[in-house]
Amino acid sequence: GVGALRKITKRKEIKPVEITASSVLGPNKIRHFKDERCQRTEYFLTSFAIDNANGSRWMAANDDAEPKLTIDLGKMKKIRSSEICFVRPTAGHAYVLEGSADGKQWTRIGGHADVRKMSPHTDAIDMPLRYLRVRITSGIRGVWEWIVEEPQKKR
């Protein structure tokens, strides 16, 4: 790529200490064309949703009726926003974003019920939380990348 096409402000990401999922799609063996040496297998690990890599993604298992990802930040942290890049954004997605202090009581803090074709899906949060959970309610059940941002420091 060519990099940013406009001036962007540096953001401060909050790195989760753990990420879990309702399910993970099993390995996908890629069929080779003409040359057997070009065999490879694609994996869809939960950790791929937060690895800052364009070549990996998490996918829910095909039989998962309510696909979701949960991030644990390790302790309560002030969160500015959440950005989720879903798999195949041109097909559109609907989702529920929830937050929790203890991982037991959840409050809706973002998302939308209507299917929107966009990337990323950004939610302003501006509150302290320890856990974030996204439930995909419509669209391809996978996430390329999920970025949680802390508030910017005032200058």
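All of these numbers come straight from a predicted model, not from anything done at the bench. (Residues numbered from 1 in each chain as written. Predicted model: local features only at pLDDT ≥ 70, side-chain atom pairs only at ≥ 80, totals over all residues. Heavy atoms only, no water.)

Enquirer: Please provide a residue-by-residue account of unusual backbone geometry, values included.
Expert: The linkage connecting Ser119 with the following residue, Pro120, adopts the cis geometry, with an omega of 0°. Residue placement: Pro120 occurs in the loop between β7 (107-116) and β8 (121-138). Notably, Asn52 is not glycine yet its phi reads approximately 55°, a positive angle. Tracing the chain through its elements places Asn52 in the loop between β3 (40-42) and β4 (58-59). Located in the positive-phi region is Arg88, a residue other than glycine, with phi close to 55°. Its place among the elements puts Arg88 in the loop between β5 (68-86) and β6 (93-100). (Helix = DSSP H or I, 4+ residues; strand = E, 2+ residues; numbered from the N terminus.)

Enquirer: Run through the packing of aromatic side chains, naming residues and quoting values.
Expert: The description of an aromatic ring pair rests on the distance of the ring centres and on the angle between the ring planes. Tallied over the entire structure, the rule returns two aromatic pairs. Ring geometry for Phe86 versus Tyr95: centroids 5.3 Å apart, planes at 55°, classification tilted. Tyr95 shares its class with Phe86; the two are buried. Arranged with centres 6.3 Å apart and planes meeting at 65°, the rings of Trp106 and Tyr131 form a pair that is edge-to-face. (Phe/Tyr/Trp six-rings, centres within 6.5 Å; stacked < 30°, edge-to-face > 60°. Buried < 20%, exposed > 50% of the residue type's maximum accessible area, 1.4 Å probe, protein only.)

Enquirer: Help me get a handle on empty space enclosed by the protein, residues and values and all.
Expert: Unfilled space is identified by rolling a water-sized probe across the atoms. Going through the model one piece at a time under the given rule, you end up with one cavity of 30 Å³ or more. Estimated volume of the largest cavity: approximately 50 Å³. (1 Å grid on protein atoms, 1.4 Å probe; cavity = no way out; pocket = protein on both sides within 12 Å on 5 of 7 lines; lining within 4 Å. Points joined across faces, edges and corners; volume = space filled by probe spheres on them.)

Enquirer: Give a detailed account of the side chain of Ser82, specifying residues and quantitative values.
Expert: Tracing the sequence through the fold places Ser82 in strand β5. Excluding its chain neighbours within four sequence positions, the residues that come into contact with Ser82 are Leu97, His121, Thr122, Asp123, Ile125, Trp146 and Ile147. (Contact = heavy atoms within 4.5 Å.)

Enquirer: Help me get a handle on the nonpolar core, residues and values and all.
Expert: Core analysis: the biggest nonpolar cluster contains 23 residues, and Val143 and Trp146 have the highest contact counts within it. Residue assignment for this core shows that the elements contributing at least two residues are β5, β6, β8 and β9 (142-149). With six residues, the top contributor of residues to this core is β5. If sequence neighbours within four positions are ignored, Val143 has contacts with Ala49, Arg57, Trp58, Leu69, Ile84, Cys85, Phe86, Val87 and Ile136. (Core = buried A, V, L, I, M, F, W, Y, C linked by side-chain atoms within 4.5 Å.)

Enquirer: Tell me about the environment of Tyr131, and please be specific about residues and values.
Expert: By secondary structure assignment, the location of Tyr131 is in strand β8. Tyr131 sits 32 residues away from Gly99 along the chain, and the two C-alpha atoms are 5.6 Å apart. With residues up to four places along the chain from it excluded, the contact list for Tyr131 reads Ile71, Asp72, Glu98, Gly99, Ser100, Ala101, Asp102, Gly103 and Trp106. Separated by 3.4 Å, the side chains of Tyr131 and Arg130 make a polar contact. (Polar contact = N/O pair within 3.5 Å; in protein donor to acceptor, adjacent residues only side chain to side chain.)

Enquirer: Before we move on, can you summarise the pattern of salt bridges with the specific residues and values?
Expert: Evaluation of the coordinates by the stated rule reveals nine salt bridges. Among the ionic pairs, Glu42 bridges to Arg57, the shortest N-O distance being 2.8 Å. One end of the pair, Glu42, is in strand β3; the other, Arg57, is in the loop between β3 and β4, with 15 residues separating them in the sequence. The two residues Glu42 and Arg57 agree in class, both being buried. Connected through shared salt-bridge partners, Glu66, Lys68, Glu98, Arg133 and Arg135 make up one network. (Salt bridge = Lys/Arg side-chain N within 4 Å of Asp/Glu carboxyl O.)

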